[in-house]
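What follows is the residue order along each chain.
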Amino acid sequence: MLYQSINPYTEETLKTFDLHSDAQLASIVAKADNTYKNNWRRKTYAQRAAILHKAAEIMRHNRDAFATPITVEMGKLFREAQAEVDLSADILDYYADNAEKFLAPIDLKVDDGKATVLSQPIGIVFCIEPWNFPYYQLARVAGPNLMAGNVLIVKHAPGVPQCAVMFEELFADAGAPEGTYSNVFITNEQSATVVADPRVRGVALTGSERAGKAVAAEAGSALKLVLGQIEAAVAHGAHVVTGGRRIDRPGYFLQATILDNINRDNPAFHQEFFAPVAMIFRVPDEQSAIDLANDSPYGLGGSVITTDIERGRRVAAQIETGMVFINRSTWTAPGLPFGGVKNSGYGRELSSLGIEEFINKKLVHIPA
């Protein structure tokens, strides 16, 4: 497995990073465990919030510097990379401002005595993150978990190592103790070792094994794979309305592509395209549209476009996804929960729900 920056606009290899050895990885896990037990979990919410606010301030003050590796490693337009930096900083501020309220003790009404539920950290959380939002994906786990008192070990996508290093250095610059947030460049086999370590109390994964293998390959090999998907779709009867080919120029560019005439036997029917590829399906009525939307192994997000908002709400309630957006394709904000169902995973990030994924909901009961 290679951790390297490949500029998708030029196909130039910019930098290659060495893997952590088994001994280095063991040291990182030990440091994280010690930091959790003897430092980070003992800090007050205010002390942790001060560090996250500082990290957000650093990101905003150095906006262009943080945005640059997003563009040169994963190809996002620079203005979109700048927006991702802003959003990531907003997420850190959001949890710094709200964590104590979200995790406040809850008194239960019981017949016998008094009962309280405490929200407490659990320890090391191991995170495996994808390439498509190099900071936003990290902020979604870092903001809530660090404020909850957990510490993080993060294996980012092999194609965005400069972003991974910058985000690790961000927390050190903000004053977090060593071991609070640790980036690792490791193989899938080493990842399995981390997951099995009893000191690691939770695992957060955005992506899949198939996606993990794809992002571990060079970007040319991945391409984004998508050309093969299009060819297979056409071989099974799909019609290319427009696009469908690689653009003849340096870099990893695909024509914007629209496919139609796709029946259920076509492999494209149940595939994800991580590329500018859209599929058009025609249905006779509303219920058929709902049934079609739900005939998928995936269930992250959906959209309903309508002039009748109440009809949109009715349809949205029947779509089997973790999120549905009415009259927009998608959206995100620190206060909106993010997550899916079916093969798109479980659990939620962001909002008050995101901070509750890796905490101990401890009952304390006092008899009457």
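Residues numbered from 1 in each chain as written. Predicted model: local features only at pLDDT ≥ 70, side-chain atom pairs only at ≥ 80, totals over all residues. Heavy atoms only, no water.

Caption draft 1: Geometry of the pairing of strand β4 (residues 114-121). In terms of strand pairing, strand β3 (residues 106-108) meets β4 through 3 bridges, oriented antiparallel. Each residue of the ladder has a partner; that of Leu-108, found in β4, is Ala-115. Turn length for the β3-β4 hairpin, with the two strands adjacent in sequence and antiparallel, is 5 residues, and the turn residue Gly-113 shows positive phi of about 75°. Bridge count between β4 and strand β16 (residues 359-366): 8 bridges; the pairing is antiparallel. What sits directly across from Val-117, in β16, is Leu-363. (Pairing = 2+ DSSP bridges. Helix = DSSP H or I, 4+ residues; strand = E, 2+ residues; numbered from the N terminus.)

Caption draft 2: Just unusual backbone geometry, in detail. Phi angles above zero are rare outside glycine, and Glu-11 is one such case at about 65°. Locating Glu-11 in the fold gives a position in the loop between β1 (3-6) and β2 (13-17). Notably, Asn-327 is not glycine yet its phi reads approximately 65°, a positive angle. With respect to the element layout, Asn-327 can be found in the loop between β14 (323-326) and β15 (341-342).

Caption draft 3: Representation of the sheet that holds β4 in the model. The 3 strands are arranged β3-β4-β16 in an open sheet whose pairing can be described as antiparallel. Every other strand in the sheet has two partners, leaving β3 and β16 as the edge strands with one partner each. Averaged over all neighbouring strand pairs, the angle between strand axes comes to 25°, with direction disregarded. (Axes fitted to C-alpha atoms, helices over the stretch in contact; angles between N-to-C directions.)

Caption draft 4: View of helix α3 (residues 63-74). Taking 1.5 Å of rise per residue, 12 residues should cover 16 Å, and α3 covers 17 Å from first to last C-alpha, within 8% of that figure. Those residues of α3 not exposed but buried are Phe-66, Ala-67, Pro-69, Ile-70, Thr-71, Glu-73 and Met-74. With its phi angle positive at about 90°, Gly-75 sits one or two positions after the end of α3. (Expected span 1.5 Å × (residues − 1). Buried < 20%, exposed > 50% of the residue type's maximum accessible area, 1.4 Å probe, protein only.)

Caption draft 5: Quick peek at the pattern of salt bridges. Using the criterion set out here, one finds 16 salt bridges in the structure. Ionic pairing is found between Glu-57 and Lys-54, a salt bridge with its closest N-O pair at 3.8 Å. Taken as a pair, Glu-57 and Lys-54 lie in helix α2 (residues 45-61) at a separation of 3 residues, close to a single helical turn. Among the salt bridges present, the one from Asp-90 reaches Arg-60, with a minimum N-O distance of 2.7 Å. You can see Asp-90 sitting in helix α4 (residues 78-102) and its partner Arg-60 sitting in helix α2, a full 30 residues away along the chain. (Salt bridge = Lys/Arg side-chain N within 4 Å of Asp/Glu carboxyl O.)

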